[in-house]
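Observations on chain architecture
Take a look at the letters that make up each chain.
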Amino acid sequence: MNAAFPISLQPYNTFGFSVYCRELHLVDSREQLLELFQAGLFQQNPKIISGGSNLLITENIEVPVLVNRIKGIHISGETQEHIYLRLGAGESWHESVLYAVSHNWGGIENLSLIPGSMGASPIQNIGAYGVELKEVFHELEALNIHTGNFETFNAADCKFGYRDSVFKQEKKNQYVIISVTLKLDKNPVIRTQYGDIQSVLEAQNLSEITIADVSRAVIQIRQSKLPDPAEIGNSGSFFKNPVIPASQAAALQLAYPGLKSFPQNENETKIPAAWLIEQAGWKGHRRGDVGVHEKQALVLVHYGGGKGRDVLQLAQDIQDDVRQKFNITLDFEVNIW
Ligand code: EPU
């Protein structure tokens, strides 16, 4: 810390880096957000944090920082089959999953224990264990930081892709998400097609599987593989799984019969970045205060006392090495500031 940068952002990034800013606004309501708009805050291009769990901060922040903590859970509609649940952007994602599961409203149980907030979930279309947010997404409300108007986006407006949406592309840094409305099933469909879930549930010999069982299984799997940010700084998968030409994937599979791959269409196949990183020899590698997690090679970790730029350097070295060894470029999933 120094006089020019007096405010720590350590509590607001799950990597746990000690970085600082000059001005911090903790926003708890849309009224407060509008007041900041009227006071001209958005003309200073503030940075916006919600859960801080998909974020690598590499230097002190010159512009104001806004932490979105707008809460609230409401049923905004209901049909025979569905519940429309409107959740404030500052609600914890995982607590919201537990809330839905406790009411037996299905759709997001496979996304249990993902760190971060509701407001960030559509930005990168979070996904895990065979489910993506876009499948349960109904709409969101966001403040346009140029006009001060509140706008509603439906799923088509969001242009969801793999860990991607319009808010990471052409509308990046132009909106503050206020709430997200999910369309959940009153008669849940159990989705256990993702290998790990199936094997965990089979081992339990249940006569009937509920979404609470699925949620517990996902929690168990995640806890066994992924580091808890409260104990060791990280931001989940650092890289996206690359989508490569099907011919390149077929050649790789000939050379490495154990490689799992996921055809996307006739011409493209997604392969696990974690496999590439592990093959290149980086799994469990430690460099000073940062490293590659020993149980999941996609996750970069901060052991404490390190700097965001050390993680960035490590990530770039992994990128270069994988490109050299496999002719595949790994893209970052995490936002870098
Ligand atoms: N694998 C390795 N080495 C490893 C880990 C995995 O070779 O260290 C290979 C294995 O072949 C394994 C395959 O990768 O079968 C897939 O591994 P896993 O099921 O752990 O999933 P992932 O592709 O590594 C993705 C998401 C995770 C999500 C899991 C489960 C991305 C970038 N990551 O990881 O999401 O939890 O699937 O659905 O798509 C996140 O985005 O932050 C995140 C954690």
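Residues numbered from 1 in each chain as written. Predicted model: local features only at pLDDT ≥ 70, side-chain atom pairs only at ≥ 80, totals over all residues. Heavy atoms only, no water.

It is worth spelling out the side chain of His302 at this point. Along the polypeptide, His302 turns up in strand S20 (residues 299-302). Residue classification places His302 among the buried positions, given a relative accessible area of 5%. Here Gly304 takes part through its backbone nitrogen, which lies 3.3 Å from a polar atom of the side chain of His302. (Helix = DSSP H or I, 4+ residues; strand = E, 2+ residues; numbered from the N terminus. Buried < 20%, exposed > 50% of the residue type's maximum accessible area, 1.4 Å probe, protein only. Polar contact = N/O pair within 3.5 Å; in protein donor to acceptor, adjacent residues only side chain to side chain.)

This part covers the pairing of strand S8 (residues 82-88). In terms of residue burial, S8 counts as a mostly covered element, since six of its seven residues are buried. As paired strands, strand S7 (residues 73-78) and S8 are joined by five bridges and run antiparallel to one another. The residue of S8 that forms the bridge with Gly77 is Tyr84. Hairpin connection of S7 to S8: three residues between the antiparallel strands. Across seven bridges, S8 lies against strand S13 (residues 175-185) in antiparallel orientation. Counterpart to Leu85 in the pairing with S13 is Leu182. (Pairing = 2+ DSSP bridges.)

Right, let's get into the site of the ligand. The full set close to the ligand counts 23 residues, and Tyr129, Tyr162, Ser237, Glu278 and Lys283 are the nearest of them. Contacts to the ligand include Arg222, whose side-chain N or O atom sits 3.3 Å from an oxygen atom. Burial of the ligand by the protein amounts to 85% of the accessible area it has alone, namely 820 Å². Top element by residues in the shell around the ligand is helix H7 (residues 273-279). It accounts for three residues. The class makeup of the residues in the shell around the ligand is 10 nonpolar, five polar and eight charged. Taken domain by domain, the makeup of the shell around the ligand includes at least three residues from each of domain 2 (73-185) and domain 3 (233-336). (Near = heavy atom within 4 Å. Areas by Shrake-Rupley, 256 points an atom, 1.4 Å probe, with all protein chains shown as cover. Nonpolar A, V, L, I, M, F, W, Y, C, P; charged D, E, K, R; others polar. Domains from an automatic or database assignment.)

Let's shift gears to the domain arrangement of the protein. Domains assigned within the protein are domain 1 (7-68), domain 2 (73-185) and domain 3 (233-336). When each unit is reduced to the centre of its C-alpha atoms, the spacing between domain 2 and domain 3 is 27 Å. If you look at the interface, domain 2 gives five residues, while domain 3 gives five residues. When domain 2 packs against domain 3, the two sides together hide about 530 Å² of surface, and 40% of this comes from carbon and sulfur. Contact with domain 3 buries area across many residues of domain 2, yet Tyr162, Arg163 and Lys168 alone supply 79% of it, more than any other trio. (Contact = heavy atoms within 4.5 Å. Buried area = accessible area lost by both parts, 1.4 Å probe.)

Turning our eyes to something else, we now look at the packing of aromatic side chains. Applying the stated criterion across every chain, the model contains 15 aromatic pairs. An angle of 35 degrees between the planes, with centres 6.3 Å apart, marks the rings of Phe37 and Phe42 as tilted. Residue classification places Phe42 among the buried residues on the basis of a relative accessible area of 6%. Taken together, a centroid distance of 6.2 Å and an interplanar angle of 65 degrees make the contact between Tyr99 and Trp105 edge-to-face. (Phe/Tyr/Trp six-rings, centres within 6.5 Å; stacked < 30°, edge-to-face > 60°.)

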